[in-house]
Amino acid sequence: MSRKYHAKLVNASKMVKDAHTGKYAIGHFNINNLEWAKAILEAAQESSTPVIIATSEGAVKYMGGLKTIVGMVNGLLDEMNITVPVALHLDHGQSVEMAKKCIEAGYSSVMFDGSHLPYEENLAKVKELIGFAKEHEVSVEAEIGSIGGNEDGVVGSGELGDPKQAEEMSKTGIDFLAAGIGNIHGKYPEWWKGLSFDTLKSLQDACDMPMVLHGGSGVPQDQVEKAISLGISKINVNTELQLAFRDATRKYIEEKKDLDDEEKGFDPRKLLNPGFKAMKNTFVELTKVFGCYGKAK
Ligand code: 13P
């Protein structure tokens, strides 16, 4: 089956390459439902910011499958008259089969995360995917080392990336490379020592291609800026939007607005609105730090 993604979606290759050259990073934001997708697209369009919308395999299951997600995102692109570059990306795809299914369903970008496999197998599977992805003009992300913590059931020990592997991976035709550089999914614990810039520098020297910072939530601004100066061109954010949504929704409920039956405070369109707005604000704050804010002007 041959399938090209929706005319309004783009792959993430050019936007991330431009970011690498221009020394800023594109924001990758994980979505969970309509509110997430709409908030990110609305904020991106209002601020002329290119963006990557991503789903983990867990989110794919939660949201009712690939067709539902592709239909929803493509529908929003049309109905909201989105003109900024938007890529729809599979985050931490655990198999080549899943990445191919996403491409067939209409995703414009995929990650194959073979960090749970022996390295040679990871490399072989990236090579197996690349031809199919390129035939469909879909961008590809691979991973070496591993990201610490747990991202939707994908657990990593936080092993640092190896420069030799970075060099080999960069020759497969991938568009950007994720690596363990001391980053962790979820909230950073008290004991966290910070990103390993020595590792990042040695990886970038070995592969000279756009690199991806997973676990982008809660990394201090000075570390984000330094990471970008050393080749990070895509930053993945999940937890930070979830926390923004949680805090705003909690405030609404603590103020008992959901119990105001006169005002129909129980209407989900009202109940979810503070969280929606908070996610938009967080998008703006983060993309300003990443430097991609307004880059689609
Ligand atoms: P955080 O949840 O820590 O932002 O990580 C997101 C991520 O890296 C998705 O791939």
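Fair warning: this is a prediction, and the values are worked out from it, not measured in the lab.

Side note on the site of the ligand
At step 1: Near the ligand you find 15 residues, and of these Asp91, Gly186, Gly215, Ser217 and Thr239 are the closest.
At step 2: A distance of 3.0 Å separates an oxygen atom of the ligand from a polar side-chain atom of His214.
At step 3: Coverage of the ligand by the protein amounts to 100% of the 300 Å² it exposes when considered alone.
At step 4: For the ligand, the cavity whose grid points lie within 2 Å of the majority of its atoms is the largest cavity.

Topic: the pairing of strand E3 (residues 86–93)
At step 1: Taking burial as the measure, the 8 residues of E3 include 8 buried ones, the bulk of the element.
At step 2: Sheet topology places strand E2 (residues 51–55) next to E3; 5 bridges connect them, and they run parallel. Bridge pairing in E3 links Val51 to Val86.
At step 3: Pairing of E3 with strand E4 (residues 109–112), which is carried by 3 bridges, proceeds in the parallel orientation.

A word on the sheet that holds E3
At step 1: On the basis of which strands lie adjacent, the closed barrel formed by 8 strands has the order E1-E2-E3-E4-E5-E8-E9-E10 and parallel pairing. Mean inter-strand twist for the sheet, computed between neighbouring axes without regard to direction, equals 25°.
At step 2: Sitting on the sheet, helix H12 (residues 273–290) touches strand E1 (26–30), E2 and strand E10 (232–237), and the angle it makes with E1 is about 145°.

Describing the layout of surface pockets
At step 1: Of the volumes computed, that of the largest pocket is approximately 180 Å³.
At step 2: Within the residue set of the lining of the largest pocket, elements represented by two or more residues are helix H2 (34–46), helix H11 (268–271) and H12.
At step 3: In terms of residue count, H2 provides more of the lining of the largest pocket than any other element does, 3 residues in total.
At step 4: Tallied by class, the residues present in the lining of the largest pocket amount to 4 nonpolar, 1 polar and 3 charged.
At step 5: What the second largest pocket holds in volume is close to 150 Å³.
At step 6: Val10, Asn11, Lys14, Met15, Asp18, Tyr24, Ile26, Pro50, Pro85, Lys295 and Ala296 are the residues that line the second largest pocket.

A closer look at empty space enclosed by the protein
At step 1: Counted under the stated rule, the structure contains 1 cavity of 30 Å³ or more.
At step 2: Roughly 80 Å³ of volume is contained in the largest cavity.
At step 3: Lining the largest cavity we find 14 residues, and of these Glu151, His185, Gly215, Asn236 and Asn238 sit closest to its centre.
At step 4: Across the lining of the largest cavity, the residue classes tally to 1 nonpolar, 11 polar and 2 charged.

Focus: the UniProt feature "active site" (unreviewed entry) in the chain
At step 1: The feature "active site" (unreviewed entry), as annotated in UniProt, sits at Asp91 in this numbering.
At step 2: Mapped onto the secondary structure, Asp91 falls in strand E3.
At step 3: Aside from chain neighbours lying at most four places away, what touches Asp91 is His28, Asn30, Ala54, Thr55, Ser56, Glu57, Met111, Glu151, His214 and Asn236.
At step 4: A distance of 3.0 Å separates the side chain of Asp91 from the side chain of Asn30, its partner in a polar contact.

Quick notes on the rules
- Residues numbered from 1 in each chain as written.
- Predicted model: local features only at pLDDT ≥ 70, side-chain atom pairs only at ≥ 80, totals over all residues.
- Heavy atoms only, no water.
- Near = heavy atom within 4 Å.
- Polar contact = N/O pair within 3.5 Å; in protein donor to acceptor, adjacent residues only side chain to side chain.
- Areas by Shrake-Rupley, 256 points an atom, 1.4 Å probe, with all protein chains shown as cover.
- 1 Å grid on protein atoms, 1.4 Å probe; cavity = no way out; pocket = protein on both sides within 12 Å on 5 of 7 lines; lining within 4 Å.
- Sits in = over half its atoms within 2 Å of the grid points.
- Buried < 20%, exposed > 50% of the residue type's maximum accessible area, 1.4 Å probe, protein only.
- Helix = DSSP H or I, 4+ residues; strand = E, 2+ residues; numbered from the N terminus.
- Pairing = 2+ DSSP bridges.
- Axes fitted to C-alpha atoms, helices over the stretch in contact; angles between N-to-C directions.
- Contact = heavy atoms within 4.5 Å.
- Points joined across faces, edges and corners; volume = space filled by probe spheres on them.
- Nonpolar A, V, L, I, M, F, W, Y, C, P; charged D, E, K, R; others polar.
- UniProt positions renumbered as here; feature names shortened; annotations may be inferred.

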